[in-house]
Amino acid sequence: MQLFSRIAWRNVMRNRRRTLITLAAISSGLAAIILFFGLSNGFHDQWITNSVRVYTGHIVIFAEEYRDERNLNRKIENSDDLIIWLDGMPGVETATPRIHINGLVSTARNSAMALVRGINPARETRIAGLRERIVEGSYLDSDNARQILIGHKMADRLNAALGEKIVLMVQAADGSIGAELFRLQGIFRLGAVDLDGSLAIIGLKDAQELAALGGGVTEAVLIMDSPADVSAAAAALINEFDRAGYEVLTWDQLMPQAKEMIALSNVFTYILLVIILAVVSLGILNTMLMSIMERTREFGIMRALGTRPAQIVRLVLLEAVYLGVIGTALGMTAGILLVTLLAWEGIDLSRWSGAMDLVSSLKPIIYPALRPASVGIASLAAFATTLIAAIYPALRAARLRPVDAIRSL
Amino acid sequence: MDCLRTENLCKVYQSNGLEVAALHGVDLRVERGEFVSIVGPSGSGKTTLLNLIGGLDMPTSGTVYVDDLDITAMSERQRSDLRLARIGFVFQEFNLIPVLSARENVEYVMLLQGMGQAEASKQACATLALVGLQGLEERRPNQLSGGQQQRVAVARAIATGPSIVLADEPTANLDSETGQKLVQVMRQLNDDLGITFVFSTHDPMVIDSARRVIRMRDGRLLGQQ
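Small disclaimer: the values here were computed from a predicted structure and weren't measured. (Residues numbered from 1 in each chain as written. Chains lettered and ligands numbered in written order. Predicted model: local features only at pLDDT ≥ 70, side-chain atom pairs only at ≥ 80, totals over all residues. Heavy atoms only, no water.)

Caption draft 1: Layout of the overall build of chain B. Of regular secondary structure, chain B possesses seven helices and 10 strands. Over its C-alpha trace chain B gives a radius of gyration of 17 Å, about what one expects of a compact globule, namely 17 Å for 225 residues. Considering only C-alpha atoms, chain B reaches an extent of 50 × 40 × 40 Å along its principal axes. Buried residues in chain B amount to 56% of all 225 residues. Restricting to contacts in chain B with at least 6 residues of sequence separation, those with at least 24 account for 68%. (Helix = DSSP H or I, 4+ residues; strand = E, 2+ residues; numbered from the N terminus. Rg over C-alpha atoms; globule rule 2.2 N^0.38 Å. Buried < 20%, exposed > 50% of the residue type's maximum accessible area, 1.4 Å probe, protein only. Contact = heavy atoms within 4.5 Å.)

Caption draft 2: Structural view of a nonpolar patch on the surface. All names here are of chain A. On the surface, Leu264, Val267, Phe268, Ile271, Ile275 and Val279 cluster together to form a nonpolar patch covering roughly 580 Å² of accessible area. Tracing the backbone through its elements, the reader meets Val267 in helix 11 (residues 256–294). Looking at Val267, the relative accessible area reads 44%, which means it is partly exposed. (Patch = residues over 30% accessible without salt bridge, like charges linked within 9 Å, V, L, I, M, F, W, Y side chains within 5 Å. Areas by Shrake-Rupley, 256 points an atom, 1.4 Å probe, with all protein chains shown as cover. Salt bridge = Lys/Arg side-chain N within 4 Å of Asp/Glu carboxyl O.)

Caption draft 3: Spotlight on the pairing of strand 5 (residues 147–151) of chain A. All names here are of chain A. Across the five residues of strand 5, five count as buried, placing the element largely inside the fold. By the alternation rule, side chains of strand 5 split into Gln147, Leu149 and Gly151 and Ile148 and Ile150, which are all buried. Alignment of strand 5 against strand 7 (residues 177–188), held across five bridges, turns out to be parallel. Directly across from Ile150, in strand 7, lies its bridge partner Ile187. Both strand 5 and strand 8 (residues 199–203) contribute to a ladder of three bridges, which runs antiparallel. Bridge pairing in strand 8 places Ile148 opposite Ile202. (Pairing = 2+ DSSP bridges.)

Caption draft 4: Up close: helix 3 (residues 102–112) of chain B. Judged by how many residues are buried, helix 3 of chain B sits mostly within the fold: 11 of 11 residues are covered. All of the buried residues along helix 3 of chain B are Ala102, Arg103, Glu104, Asn105, Val106, Glu107, Tyr108, Val109, Met110, Leu111 and Leu112 of chain B. Buried residues in helix 3 of chain B make contact with helix 1 (3–14), helix 12 (296–304) and helix 13 (309–345) of chain A together with helix 2 (76–86), helix 4 (117–130) and helix 5 (146–159) of chain B. Two residues or fewer past helix 3 of chain B, Gly114 of chain B is found with a positive phi of approximately 100 degrees.

Caption draft 5: Geometry of the packing of aromatic side chains. Enumeration according to the criterion identifies nine aromatic pairs over all chains in this entry. Measuring from centroid to centroid gives 6.4 Å for Phe4 of chain A and Tyr108 of chain B, while their planes differ by 85 degrees, and the two rings are edge-to-face. Highlighted residues: Phe4 of chain A in helix 1 and Tyr108 of chain B in helix 3, drawn from two different chains. One exposure class covers both Phe4 of chain A and Tyr108 of chain B, and it is buried. Ring centres 5.6 Å apart and planes at 70 degrees place the aromatic pair Phe37 of chain A and Tyr270 of chain A in the edge-to-face group. Linking Phe37 of chain A in helix 2 (residues 16–56) with Tyr270 of chain A in helix 11, this pair joins segments that are 233 residues apart in sequence. The partly exposed category is assigned to Tyr270 of chain A, whose relative accessible area is 37%. Through a chain of ring-to-ring contacts, three or more aromatic side chains come together here, namely Trp85, Phe241 and Tyr246 of chain A. Above the plane of the ring of Phe182 of chain A lies Arg146 of chain A, whose end atom (NZ or CZ) is 5.8 Å from the centre. Lying over the aromatic face of Tyr65 of chain B, Arg5 of chain B brings its terminal NZ or CZ to 4.2 Å of the ring centre. (Phe/Tyr/Trp six-rings, centres within 6.5 Å; stacked < 30°, edge-to-face > 60°. Lys NZ or Arg CZ within 6 Å of the ring centre and 35° of its normal.)

Caption draft 6: Quick look at the pattern of salt bridges. If you walk through the whole model with that rule in mind, you get 38 salt bridges over all chains. Among the ionic pairs, Arg146 of chain A bridges to Glu209 of chain A, the shortest N-O distance being 2.9 Å. Remark: Glu209 of chain A occurs in helix 8 (residues 204–210) and Arg146 of chain A occurs in the loop between strand 4 (134–137) and strand 5; sequence separation between them is 63 residues. Judged by its relative accessible area of 23%, Arg146 of chain A is partly exposed. The network of salt bridges with common partners includes Arg6 and Arg10 of chain A together with Arg103, Glu104, Glu107 and Glu138 of chain B.

Caption draft 7: Inspection of the sheet that holds strand 2 (residues 18–31) of chain B at higher detail. Residues and elements named next belong to chain B. Taken together, the four strands give an open sheet; going across it, the order is 2-1-4-5, and neighbouring strands pair in antiparallel fashion. Each end of this open sheet is capped by a strand with a single partner; those strands are strand 2 and strand 5 (69–70). Of the strand pairs in this sheet, strand 4 (residues 61–66) and strand 5 are connected by two bridges, and their pairing is antiparallel. Bridging from a neighbouring strand, Tyr65 pairs with Asp70 of strand 5.

Caption draft 8: Geometry of empty space enclosed by the protein. The tally for this structure, following the rule as stated, stands at two cavities of 30 Å³ or more. Empty space within the largest cavity amounts to approximately 50 Å³. For the largest cavity, the full set of lining residues is Leu305 of chain A together with Arg83, Leu84, Ile87, Gly88, Phe89, Val109, Arg156, Ala157 and Thr160 of chain B. Mapped onto the lining of the largest cavity, the elements with two or more residues apiece are helix 2, strand 6 (87–90) and helix 5 of chain B. Per-element tally for the lining of the largest cavity: the top contributor is strand 6 of chain B, with three residues. Empty space within the second largest cavity amounts to approximately 30 Å³. Looking at the second largest cavity, the residues that line it are Ile33, Phe36, Phe37, Thr269, Leu272, Leu273 and Ile276 of chain A. Per element, the largest residue contribution to the lining of the second largest cavity is four residues, and it comes from helix 11 of chain A. By residue class, the composition of the lining of the second largest cavity is six nonpolar, one polar and no charged. (1 Å grid on protein atoms, 1.4 Å probe; cavity = no way out; pocket = protein on both sides within 12 Å on 5 of 7 lines; lining within 4 Å. Points joined across faces, edges and corners; volume = space filled by probe spheres on them. Nonpolar A, V, L, I, M, F, W, Y, C, P; charged D, E, K, R; others polar.)

Caption draft 9: The side chain of Ser80 of chain B, seen in detail. On the secondary structure map, Ser80 of chain B appears in helix 2. Contact partners of Ser80 of chain B, with chain neighbours within four places excluded, come to Arg303, Gly306, Thr307, Arg308 and Pro309 of chain A.

Caption draft 10: Here's a closer look at unusual backbone geometry. All names here are of chain A. One non-glycine residue, Asn78, adopts positive backbone phi at about 50 degrees. Structurally, the position occupied by Asn78 is in the loop between helix 3 (66–69) and helix 4 (79–87). On the basis of relative accessibility, which here comes to 56%, the residue Asn78 falls in the exposed class.

Caption draft 11: Spotlight on the confidence of the model for chain A. For chain A, the average pLDDT comes to 89, and 96% of its residues sit at 70 or higher. For residues 358–362 of chain A, every residue scores under 50 in pLDDT, and the model assigns this stretch 20 contacts once sequence neighbours within four places are set aside. (pLDDT = per-residue confidence, 0-100.)

Caption draft 12: Structural view of the pairing of strand 1 (residues 59–63) of chain A. Residue and element names in this part refer to chain A. Within strand 1, five of the five residues are buried, which leaves the element mostly enclosed by the surrounding structure. Of the two faces of strand 1, the one holding Ile59, Ile61 and Ala63 and the one holding Val60 and Phe62 are both buried throughout. Bridging between strand 1 and strand 9 (residues 219–224) involves four bridges; their strand directions are antiparallel. Residue pairing in the sheet places Val60 in a bridge with Val221 of strand 9. Strand direction decides the pairing type here: strand 1 and strand 10 (residues 246–250), joined by five bridges, are antiparallel. Along strand 10, the bridge assignment pairs Ile59 with Thr250.

Here is the structure:
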């Protein structure tokens, strides 16, 4: 072991209580940061997953130019074949066809604007868990049963009761006004304020008939097994469909505001990281300064013997390196364990589920998520903080005049 | 040949806005192989003189030559290197690095000089044997008596083969018998190896063992015996 490494290590082990306090500061700070990163990542994952399943899907395929004016004549033909083909793609959890049309929902007494979604009931429930989100009544029996599902907020607004007749009116693809009579089969609660107040769900065939779409649909929705597969799958689909008159978009292109909110949330996470590390660095600075003050005479002797100021700086920084390495290792272990344990059961936020509604969360349970990059960034930051906090004490030790230092007792 | 020379050395301290002169134009010459005692009451300027000779402090005016090198014209780093190569120090107490054993304390200066670990260990053990500490090489300072600690300090001071060893009241915190033994060790090293010692003291027994005694009072050299 090199001379100064040996002295530094023994100095670290010299006052064990102080070393333990310093290590506790570094490791608990780092563990807290890793936990917060985990919670933040878990929250984002949950949010994205829920939003993706309720709103858009991971990847959506539209007919070219459909999105410009919601032109129903720009539809996907032969959707059955397409869905079967998409289902067979590697990494795809579920593919489902959807039809979206703006329309008017009316009971005998009230009416409201609605986003009408035509779905394949069997496939759709695998995506959004719709069957489980029915709070009154039941799920659609089939895709042509003239049944309708509406959100609880819309039900309140329409003052509609189960089994009641509801008229749906839309502008069809051929320019005519399509109007059909439906029975209110169920009332759902997705947990997304906008959708619970505006979404009306009917069977796919009913929607095709209502909007004169023939066998066409407005979009094909894909949910991937892992969000990490989305980019590669989207690229493959673009390659496959670009020349065939289809447009392939991913969830973050369809919901740019969600991506921006995550970016904003990450900024707050980093601000918190800086605050925690600032507090930790003050603790380290304090204990290292105490340690330097106690050893003033020792540094004086070392300087008198011919130790250069730069070698004193090296010695003190090496002590910080040892503290940093051990503290970071302990903090990383504690943080990973904490996140893993909490991810096992999840953190139930149902008490604040009202707030969760605003961010369209289906399940008010957050599962903290470990990301190697987050753990790496936090650990590097904690280690660097320890070193930075030691710079001032190191310079102070190096600047001691031997004659003054030796005199001090 | 002089290994140490001071010319018109003055040191003035500032204390609460007042100037306190600690040394008034001290001229001193020490030849290689001398065993010199600087004697005087507390506050006479002994420690200040040793600090200036050792390059631990800078004079207000005057010059200090060690081996004909003007240390007052050197940078901080050059003075560090000069101390390492040419000057050995023994202080009154708490001389040693507490986390290092006796052997490691002696090795320290040799390793700083760039010597290999194995060679430094061998020489450190040999030097500790010279001061009568064989068998105690691996003890830490807190496992050694005050006299033993001072001997380790002497071993460290001579380990790099310095031109001069400066000792500031090395026996001040030792009982008379231990102090006497320490001085005997230093004297022996001076006799056998020709190592130059300059030490301050006001212990009559230590003064008697010196070959040359320089008396100081109020920052001035009074005379020599």
